[in-house]
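Coordinate inspection notes
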Amino acid sequence: KQFVDDFLKGQLSPWSRAVAHLEEDFASHDVSSGAMEIAGDQFQQLVLDNDQDVLVLFFAPWCGFSKLVQPMVDDIERSFGHVKTLRVLKIDATANDVQHPVMAELKGYPFLALFPAGDKQKAIPIRPSVSPHDASAWTVDVVALLRRHARNSIPERSSTTSGLDDDSGFDL
């Protein structure tokens, strides 16, 4: 009876799926490991409640294209981890619920979205025009889209980062 009464009064909190945290916060994240994987209940804190541009890969662990794209997103994090105004994160969208308007744009996996600094409610789907089968071209296209839509400037990658080496073929 109490449940029904609370429901009718609009006093129930919605239930959301969230996996266990792999890491608690971005400050303790080792950039050399690639993009930080977050849980659904970390989304507000790590994506929305900051003044950074945040690129998020929404993936499905069983999806072949997600498996193809994840290492490239990890390389973007390694290459631009020195940029303090940019975060690159990933989340298993099949095991975590995220309540945000951009989720209406998710039509399949993988799905990339940029949450721009200062206007997180107006996230921008990042849709590269290049097939992920061409890793170099795909990564260059994603970085170009990030630079176009990010509120903070994204400088060239640092030569001191532990990301992509000079003979990787990526022209970032």
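If you're wondering where the values come from, they're calculated on a predicted model, not measured in any experiment.

Re the overall build of the protein
A count of helical and extended segments in the protein gives four helices and five strands. Along the protein, helices (α) and strands (β) appear in the sequence α-β-α-β-α-β-β-β-α when read from the amino end. In the protein, which comprises 172 residues, the share counted as buried stands at 45%. For the protein, contacts bridging at least 24 residues in sequence account for 66% of all contacts bridging at least 6. As presented, the protein carries roughly 9,000 Å² of accessible surface, and 52% of it is formed by carbon and sulfur atoms.

Re the packing of helix H3 (residues 64-80) against helix H4 (residues 135-149)
Running from amino to carboxyl end, H3 crosses H4 at an angle of 55 degrees, the nearest separation of the two axes being 10 Å. Relative to H4, the element H3 lies oblique. As H3 packs across H4, the resulting crossing turns out to be right-handed. Touching Val69, Met72, Val73, Ile76 and Phe80 of H3 are Ala135, Trp138, Thr139, Val142, Val143, Leu146 and Arg147, all from H4. Partitioned by chemical class, the residues of the contact of H3 with H4 number ten nonpolar, one polar and one charged.

Overview of the nonpolar core
Counting residues in hydrophobic clusters, the biggest one holds 22 residues, and the most contacted among them are Val73, Ile76, Leu112, Trp138 and Val142. Listing elements by their share of this core, those giving two or more residues are strand E2 (53-59), H3, strand E3 (86-92), strand E4 (111-115) and H4. In contact with Val73, other than residues within four places in its own chain, are Ala35, Leu57, Val88, Leu112 and Trp138. Grouped together as the second largest cluster of nonpolar side chains are 19 residues, Met36, Val102, Phe111 and Phe115 included.

Quick look at the pairing of E2
The buried fraction of E2 amounts to seven of the seven residues, a majority that puts the element mostly inside the structure. Residues Asp53, Leu55, Leu57 and Phe59 line one face of E2 and the alternating positions Val54, Val56 and Phe58 line the opposite face, and both faces are buried. The sheet contact formed by E2 and E3 spans seven bridges and is parallel. Looking across to E3, one finds that Asp53 is bridged to Leu86. Each parallel crossover has a hand, and for E2 linked through H3 to E3 it is right-handed. Taken together, the five bridges between E2 and E4 define a ladder with antiparallel strand orientation. If you follow Val56 over to E4, its bridge partner there is Ala113.

Criteria and cut-off values
Residues numbered from 1 in each chain as written. Predicted model: local features only at pLDDT ≥ 70, side-chain atom pairs only at ≥ 80, totals over all residues. Heavy atoms only, no water. Helix = DSSP H or I, 4+ residues; strand = E, 2+ residues; numbered from the N terminus. Buried < 20%, exposed > 50% of the residue type's maximum accessible area, 1.4 Å probe, protein only. Contact = heavy atoms within 4.5 Å. Areas by Shrake-Rupley, 256 points an atom, 1.4 Å probe, with all protein chains shown as cover. Axes fitted to C-alpha atoms, helices over the stretch in contact; angles between N-to-C directions. Parallel < 35°, antiparallel > 145°, perpendicular 65-115°, else oblique. Left-handed = near helix turned anticlockwise from the far one by under 90°. Nonpolar A, V, L, I, M, F, W, Y, C, P; charged D, E, K, R; others polar. Core = buried A, V, L, I, M, F, W, Y, C linked by side-chain atoms within 4.5 Å. Pairing = 2+ DSSP bridges. Right-handed = clockwise from strand over helix to strand, strands pointing away.

Purely geometric stuff here, so don't read any function into it on its own.
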